[in-house]
Amino acid sequence: MDGPTRSDPLHLHVDRKPQRESTAPPHHVLSTRAFPAQLKPSSGKSSYLSYLPSCVPSLDRSCPTSNAETKTVAGFRNPWPSWYTPTCFQVWDHLNWGEDQDPCIDLAALHLRHSPVTDKLPEKRKRPRFNDVKDWPGSSGAKAARLLRIETPDFSFDSSTSPHAKVTWLGHAGVLVQLPALDAAKGSRPIHCLFDPIFSMRCSPSQRAGPIRAYPSPCRVQDLPPIDAVFISHNHFDHLDHDTIMAIWKGSKETVRFFVPLGNRTWFVDCGISEERVTEMDWWDSATLCSRPGKESPTTPSLQIWCTPVQHSNGRAGVDASSTLWSSWYLRRQSPEGIYSIFFAGDTGYQFHGSPDWPPSPPLGKNTQKPSTQVSDDAEYPPCPAFAEIRDRLGPPNMLLLPVAVGSTYSYFRSFVPLPDWINPFPRHSVGITAGIHMPPWDAVRVFKLMTELLDKDTTNEGASGCSDPGNFPNPHPPVAIAMHWGTFVTEGAEVLKTLGQLEWACEQQGVHFARSLPVPDKESGTIEHGKRPRKEVPVFVALNHGQSVAPR
């Protein structure tokens, strides 16, 4: 259980990426006057509009500098061939009109057909905002409300029943991770890490317009335990929310530190947050949190942090596209008892898919064909190599927090046309066209397997982070992935059903166990709740309810 409140922030040591060469890192875009030819923003098929820096940040606003002779960085970019711009013909080919025939919607609903309707319409504060949710229990909104619920979070933590971590999904990409205390003293409280929190009703510059929650937040910011570290992946409004950040700062001012990618520090300082509490990091920079200052050693409990690459973009005002960096985060809690690592992907794509028939579909509904064996089209459109590089440098993570759905903007604009799908002139699009920037369920399962598979070579790589061979950090715990970035800022129940069905189908086809919860050992009886754990060697991908927690053993 939680111990006494800590009155000071954890001690921080930052290790910047060592400078190995005079050129800027490939994801840095230097100001126009300093552009080498190979570092100019890409054009044509290898970039999106949001990919290009639209202005050079002013020097008096803490503009980040590159390692290339400290020249000013004008922006950032995705440096891999996997960052691809679809042609107009490809976009057109991926548009769909009429009723949604995705058989994954029926696959998700199958879990309701074989059980009697014993639940009732949720109370208003725990009810999703779907127009048809009151048509209980058969409408798509009602089915979504039955399959994806809002639970009151339990933030208690006991290291005897949660020896490695406790993870609570707070909606969208917001996740609270609780880790055992770094101080060995009896009664010391756990570490509380918060990722991309958003508690506002809208992810927008204004709370009067913009994408709105279908599912209310499962709790208030005031209900959270004291926060030690907040990790922000990028500055899109659904991942960096002003009101949420200020409420966290107000409630955890004595303990909280903010970790952000390059270029985002100024935003926090301008909001009134103490400069020394905001740590800005480039890809492969690392930091360490510990309970007291002193020399680090394997016997000293610590929380190691790496800012790691992903394939995405950023921007909050249209004119600031790609002027600040985006990232994922890799955490490793190290103690004499062992090592447990967590990877938070933030918002990311993995691979563009040119076929509108991708991904393979289950043989349900009007689709009576056997599922396709094509799972990717690597030859024409390569996958993003960042995830394999993270695994190779830092080792396979035990827990992965992975996005499984696209952003909220497109469905929000589509909701302005209040017509049934069969006559709606505003089309849907297939997930393959946006998979290069927003990872759909099928690719999320691929990334899960890729990052947790055993390394087939003995690497002695001392990576840019300065970490040692990941082979020195064995991974004895069965890997677990938690789905996030879904089921919150949605406009209709079918979106929830489709994501659940697509994730379940992707897991089934790729040899991963799909689950809606993990068994939590009961301290008193020692029994396992929420069903049986699959075999140890089978990785598990979990889709939680809002506010639900898991504590892997």
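Residues numbered from 1 in each chain as written. Predicted model: local features only at pLDDT ≥ 70, side-chain atom pairs only at ≥ 80, totals over all residues. Heavy atoms only, no water.

- As recorded in an unreviewed UniProt entry, the protein goes by Beta-lactamase superfamily domain-containing protein and comes from Neurospora hispaniola.

**Regarding the overall build of the protein**
Part 1 of the reasoning: Along the protein, the regular secondary structure elements total nine helices and 20 strands.
Part 2 of the reasoning: Contacts spanning at least 24 positions in sequence make up 74% of the contacts within the protein whose residues lie at least 6 apart.
Part 3 of the reasoning: When the accessible surface of the protein is summed, it comes to about 23700 Å², and 53% of that surface belongs to carbon and sulfur atoms. (Helix = DSSP H or I, 4+ residues; strand = E, 2+ residues; numbered from the N terminus. Contact = heavy atoms within 4.5 Å. Areas by Shrake-Rupley, 256 points an atom, 1.4 Å probe, with all protein chains shown as cover.)

**Observations concerning the pairing of strand β14 (residues 338-344)**
Part 1 of the reasoning: Of all seven residues making up β14, five are buried, and the element is well covered by its neighbours.
Part 2 of the reasoning: Bridge count for strand β13 (residues 328-335) against β14 is seven bridges, and the pairing is antiparallel. By the bridge assignment for β14, arginine 332 is matched with serine 341.
Part 3 of the reasoning: In terms of strand pairing, β14 meets strand β15 (residues 399-403) through three bridges, oriented parallel. Looking at the pairing, phenylalanine 344 lines up with leucine 401 of β15. (Buried < 20%, exposed > 50% of the residue type's maximum accessible area, 1.4 Å probe, protein only. Pairing = 2+ DSSP bridges.)

**A closer look at the sheet that holds strand β10 (residues 278-281)**
Part 1 of the reasoning: Ordered by their spatial adjacency, seven strands build an open sheet running β10-β9-β8-β7-β6-β5-β20, and the pairing between neighbours is mixed. In the strand order of this sheet, the two ends are held by β10 and β20 (549-550), each with one partner.
Part 2 of the reasoning: Here strand β7 (residues 191-195) runs beside strand β8 (residues 229-231); their pairing, made up of three bridges, is parallel. By the bridge assignment, leucine 194 is partnered in β8 with valine 230.

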